Amino acid sequence: MKQTPQNKPQMVFGKINYLLMLGGILLMALGYLLMIGGGSHDPKVFNYEIFSFQRLTLAPILIVLGIVVNVIAILYRPANNNKK
């Protein structure tokens, strides 16, 4: 009976993919953190802080950028120089 060599299971993603995913998650978390706040303690008083640049522009840009980085991390495949 001839035994075939067992292939070592390979990870789906490499180290660079996981680092990119972590970076994307951190960008999204930062965007959500920047969106926090701006409310008023008194419901009868309107607080214009909810219309700040940080909440309306910067935070959504960071969230979308984080999503784009995560998509790139999933699709990225490093060049394989070990051709047989």
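Note: the structure precedes this text.
Residues numbered from 1 in each chain as written. Predicted model: local features only at pLDDT ≥ 70, side-chain atom pairs only at ≥ 80, totals over all residues. Heavy atoms only, no water.

Asks: So what exactly am I meant to see when it comes to the overall build of the protein chain here?
Replies: The secondary structure content of the protein chain amounts to two helices and zero strands. A burial count over the protein chain gives 18% of its 84 residues as buried. Here the analysis covers contacts within the protein chain between residues at least 6 apart in sequence; of these, 69% occur between residues at least 24 apart. (Helix = DSSP H or I, 4+ residues; strand = E, 2+ residues; numbered from the N terminus. Buried < 20%, exposed > 50% of the residue type's maximum accessible area, 1.4 Å probe, protein only. Contact = heavy atoms within 4.5 Å.)

Asks: I keep staring at the pattern of salt bridges and nothing clicks. Help me out?
Replies: One side chain can pair with another of opposite charge once the charged atoms of both are near each other. By the definition in use, this model includes one salt bridge. Across the pair Glu49 and Arg55 runs a salt bridge whose closest N-O atoms are separated by 3.4 Å. Note on Glu49: relative accessible area 41%, which makes it partly exposed. (Salt bridge = Lys/Arg side-chain N within 4 Å of Asp/Glu carboxyl O.)

Asks: Would you mind going over the packing of helix α1 (residues 15-35) against helix α2 (residues 53-75) with me for this structure?
Replies: Each pair of packed helices gets described by two things: the angle between the helix axes and the distance between those axes. Running from N to C, α1 and α2 point in directions that differ by 165 degrees, and their axes come no closer than 8 Å. As judged from the angle between their axes, α1 and α2 are roughly antiparallel. Every pair of crossing elements has a handedness; the one defined by α1 and α2 is left-handed. Residue composition of the contact of α1 with α2, grouped by class: 19 nonpolar, six polar and one charged. (Axes fitted to C-alpha atoms, helices over the stretch in contact; angles between N-to-C directions. Parallel < 35°, antiparallel > 145°, perpendicular 65-115°, else oblique. Left-handed = near helix turned anticlockwise from the far one by under 90°. Nonpolar A, V, L, I, M, F, W, Y, C, P; charged D, E, K, R; others polar.)

Asks: Just checking my understanding: could you explain α1 for this structure?
Replies: Given 3.6 residues to a turn, an α-helix orients residues that are three or four positions apart in the same direction. With 21 residues, α1 should reach 30 Å at 1.5 Å per residue; the first-to-last C-alpha distance of 31 Å fits that figure. Within the span of α1, buried status applies to Asn17, Met21, Gly24, Gly31 and Leu34. Down the axis, α1 shows its buried residues gathered within 155 degrees of arc, on one side only. For α1, the exposed residues set more than 90 degrees away from the buried face come down to Lys15, Leu26 and Leu33. Just beyond α1, the residue with positive phi is Gly37, at close to 95 degrees. (Expected span 1.5 Å × (residues − 1). Arc of directions from axis to C-beta.)

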